[in-house]
Amino acid sequence: MSYSFLPHTADIRVAIEASSFEELLQDATAVMRGLLAGECRVEARDERSVIASGEDPSEVFLGYLQEVLYLFETDAFLPASVTTERFTGREAVTRIHGETHEAARHEHQPEVKAVTRHGLTVERRTGGWYAEVVFDV
Amino acid sequence: MSVPTKVSVERIDEYRWRVKRAGGMRTEGLIFADAELMHDLEGDQCVQQVVNVAHLPGIVGPSIAMPDIHWGYGFPIGGVAAFDEKEGVVSPGGVGYDINCGVRLLRTPLTVDDVRPKLTPLMDTLYHTIPSGVGSSRSDVKLGPRELDRVLERGAAWTVERGYGRERDLECIEANGSLPGEPDAVSQRAKKRGTTQLGTVGSGNHFVEVGYVAEIYEDGIANRLGLRPEGITFFIHSGSRGLGYQVCDDYLDTMVQAARKYGIDLPDKQLCCAPLTSPEARRYMGAMNAAANYAFANRQLMAHYVRKALDKLFGEDVAEQADLVYDVAHNIAKFETHEVEGKPRRVCVHRKGATRAFPPGHRELADRFRDIGQPVLIPGDMGRYSFVLVGTPGAFAETFGSTCHGAGRRMSRHQAKKMARSRNVPRELEERGILIRAASRRTVDEEIPEAYKDVKQVVDVVHGAGIGKKVAKLVPIGVVKG
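Just so it is clear, the model here is predicted, and its values are computed rather than measured.

S.K.: Whenever I open this one, the overall build of chain B confuses me. Can you help?
M.R.: What chain B contains, in helices and strands, is 18 helices and 19 strands. In summary, chain B has a C-alpha radius of gyration of 21 Å against a globular reference of 23 Å for 482 residues, a match within 12%. Its C-alpha atoms give chain B principal-axis dimensions of roughly 60 × 50 × 50 Å. Per-residue burial over chain B gives 61% buried out of 482 residues. Sequence-distant contacts in chain B: of pairs separated by 6 or more residues, those separated by 24 or more amount to 77%.

Listed below in structure tokens is the structure:
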């Protein structure tokens, strides 16, 4: 797992390096888990199916993260990990494992409003994939 | 697209800086700042974002930035840009995710001495009756689909019709708290996010703040606004919550396609946009206005619960006299008529982290403000002060009737958390007479006063440049944070 937080004055900017697109989604899920639940443990007690599609891998990546955020806001579903069943370049079929947010167990975090396209980078690099994404908080 | 990688900035005068036109820029940039604020921007990408906005089709006048400018997504926060109604574009990135994020200010007949002995129960009551924090929702104001559509159509007027306010409140809200919203243009996903969040603060830099009038700069205007020395005020800062964020997300998807369809070359995908004459733009404006109405209703409902808290702790008379000073949006795009090169021209003004500041005499102002200008509310950080200003002819002439919106961040959230880690920020503030109630310790840490520019410095720039006039300074004594 390899991600790092890059400098940004107001929002959260993250860079992720992974050996495959599937691992990129796994690392992005870990980033989201941290933004939504802090350092609290999130159990894989339940799962949600998410199909993210777009004209290129960056739109697929963005669509996936937007769906994770939507599930949290409308269903209080916290992600623990993800299994990517299929990735075609224009579509990712995934199962997100996680559980329902419980105020007593999961620390309150500042709200993540959106996953933005600002400076969004998702590209193949030697030995794997690289992504950069800014979350509006 | 030719985007200059080296931005050339030259000083015009004490408060103005020109970003020279280069590459594919259709106009120059104009930044309001003093030398120190400008120095602070080094290493921040916001000046590049001023340049990026200058590339958009149909831009009229310069790409403008206020002294609270900081790095945003697409547009900078603190950005203002106007686009010709026929040749120009509308960009959801020029409004932001939190559509009609804004502030409202209530004044009361109470003084600091009246409130200090009851500050703890007052803050506890506000904290428990106005839900805050991530995912906060209300069980007492759950909207069915038809009621939600009425909110999206009517804005603050819906709230008043339901007994959550007074008719008089409406004339003290920008656009009377109601824009031509189109509920049908708002997706079911967005509506689902909006069902239970009306009347909630949210998180991040949003707040409900109890303060008092600490200094008055314009006696006559302050008196007209009901701001007396030591008088207790309530500041509410929030927006359209998840519904607005989803509207923005939905239409960014639409605008990515539209930009390609209409052959608009973009320096940043987050600036995706559509011609104002296109069906995509018309639909976005309808949805954005609907989300703006949700935000007006949201702040109106929170003001109702402030009045309920006053009723409970200080009696019905006090609650009855808690009047709205004003309510302004600071994330919005609106059609307005401005004089450009000596002629009236209808433009779509994008204000992203900027406040409308119409001058005395403007016909859109209610009679009560016609001779003093539109009240402008500028919140600072939770440890120092906030300001009330009024709009000026200078703002109307130079910035499409706009001014700054707040302090503006100067420190990343990561830096702020690191700085706050070994401290007890709520206790520090309490020792300075400011009581904090917050859903999340992390929010308080990220929002430490040091994370923001000194809002006085920001306000002094707009006052000095003549794009706003200082009226009063408010100092906090209690803050509810998300």
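There's plenty left to go through after this.
S.K.: Whenever I open this one, helix 5 (residues 145-154) of chain B confuses me. Can you help?
M.R.: In an α-helix, one turn spans 3.6 residues, which is why side chains three or four residues apart end up on the same side. Residues and elements named next belong to chain B. The complete set of buried residues in helix 5 reads Leu148, Val151 and Leu152. Angular distribution of buried residues about the axis of helix 5 spans 95°; they occupy a single face of the element. Of the residues trailing helix 5, glycine 155 is marked for its positive phi of about 65°.

S.K.: Looking at this structure, how should I read the interface of chain B and chain A?
M.R.: In many analyses, interface size is given as the accessible surface area lost on bringing the parts together. Contacts between chain B and chain A engage 36 residues on the former and 26 residues on the latter. Residue assignment for the side of chain B that touches chain A shows that the elements contributing at least two residues are strand 4 (59-73), helix 8 (188-194), helix 10 (241-261), helix 15 (413-420) and helix 17 (441-446) of chain B. With five residues, the top contributor of residues to the side of chain B that touches chain A is helix 10 of chain B. Classifying every residue of the side of chain B that touches chain A gives nine nonpolar, 15 polar and twelve charged.

S.K.: Explain the sheet that holds strand 4 (residues 77-87) of chain A here, please?
M.R.: Each strand in a sheet pairs with its neighbour through backbone hydrogen bonds, running either in the same direction (parallel) or in the opposite one (antiparallel). Residue and element names in this part refer to chain A. Spatially, 3-5-4 is the arrangement adopted by the three strands of the open sheet, whose pairing is antiparallel. Of all strands in the sheet, those bounded by a partner on one side alone are strand 3 (46-53) and strand 4. Sheet twist, expressed as the mean angle between neighbouring strand axes with direction ignored, is 25°. Note that strand 4 and strand 5 (residues 91-100) share nine bridges and pair antiparallel.

S.K.: Teacher, can you tell me more about the packing of helix 4 (residues 119-129) of chain B against helix 11 (residues 279-314) of chain B here?
M.R.: Two quantities define a packed helix pair, namely the angle between the helix axes and the distance between the axes. Residue and element names in this part refer to chain B. One can describe the packing of helix 4 onto helix 11 by two numbers: an axis separation of 10 Å at closest approach and a directional angle of 140°. The orientation of helix 4 with respect to helix 11, classified from their angle, is oblique. Two packed elements cross with a definite hand, and for helix 4 against helix 11 that hand is right-handed. Packed against helix 4, whose contacting residues are Pro121, Leu122, Thr125, Leu126 and Thr129, the element helix 11 presents Tyr305, Val306, Lys308, Ala309, Lys312 and Leu313 at the interface. Taken together, the residues of the contact of helix 4 with helix 11 break down into seven nonpolar, two polar and two charged.

S.K.: Would you take a moment to explain the sheet that holds strand 3 (residues 29-32) of chain B for this structure?
M.R.: Residue and element names in this part refer to chain B. Here seven strands make up an open sheet; going across it, the order is 1-2-3-4-5-13-12 and the pairing mixed. Each edge of the open sheet carries a strand with a single partner, namely strand 1 (9-11) and strand 12 (331-340). Adjacent strand axes in the sheet meet at a mean angle of 25°, parallel and antiparallel pairs treated alike. Inspection of the sheet shows strand 4 paired to strand 5 (residues 75-84) by six bridges, in the antiparallel sense. When the bridges of strand 5 are listed, isoleucine 59 appears paired with phenylalanine 83. Along the sheet, helix 2 (residues 46-53) contacts strand 1, strand 2 (16-19), strand 3, strand 4 and strand 5; its crossing angle with strand 5, the most-contacted strand, is approximately 15°. Helix 18 (residues 455-465) contacts strand 2, strand 3 and strand 4 of the sheet and is inclined by roughly 160° relative to strand 4.

Scoring rules and cut-offs
- Positions within a chain are numbered from 1, following the residues in the order the chain's sequence is written.
- Both sets of labels track the order of writing: A upward for chains, 1 upward for ligands.
- For a predicted model such as this one, the threshold for reporting local features is a pLDDT of at least 70, and the threshold for listing and counting side-chain atom pairs is 80 or more; totals across whole chains, interfaces and linings nevertheless cover every residue.
- Where helices and strands are cited, they refer to DSSP runs of H or I of at least four residues and of E of at least two residues respectively, numbered from the N terminus.
- Our radius of gyration looks at C-alpha atoms and nothing else; its globule reference is 2.2 Å times the residue count to the power 0.38.
- Our exposure labels follow a C-beta count within 10 Å of each residue's own C-beta, placed from the backbone: buried means 20 or more other C-beta atoms, exposed means 12 or fewer, and partly exposed covers the counts in between.
- Contacts are defined on C-beta atoms placed from the backbone: any two residues whose C-beta positions lie within 7 Å are in contact.
- Directions are taken from the helix axis to each C-beta atom, and the arc is the one they span.
- Any residue outside Ala, Val, Leu, Ile, Met, Phe, Trp, Tyr, Cys, Pro, Asp, Glu, Lys and Arg is labelled polar, Gly included; the first ten of those are nonpolar and the last four are charged.
- When DSSP finds two or more bridges between a pair of strands, those strands are recorded as paired.
- Orientation is described by lines fitted to C-alpha atoms, with helices fitted over the stretch in contact, and by angles between N-to-C directions that extend from 0 to 180 degrees.
- Comment on the angle field: the value is read as roughly parallel under 35 degrees, roughly antiparallel over 145, roughly perpendicular from 65 to 115, and oblique elsewhere.
- Left-handed describes a crossing whose near helix is turned anticlockwise from the far helix through less than a right angle; right-handed describes the clockwise counterpart.

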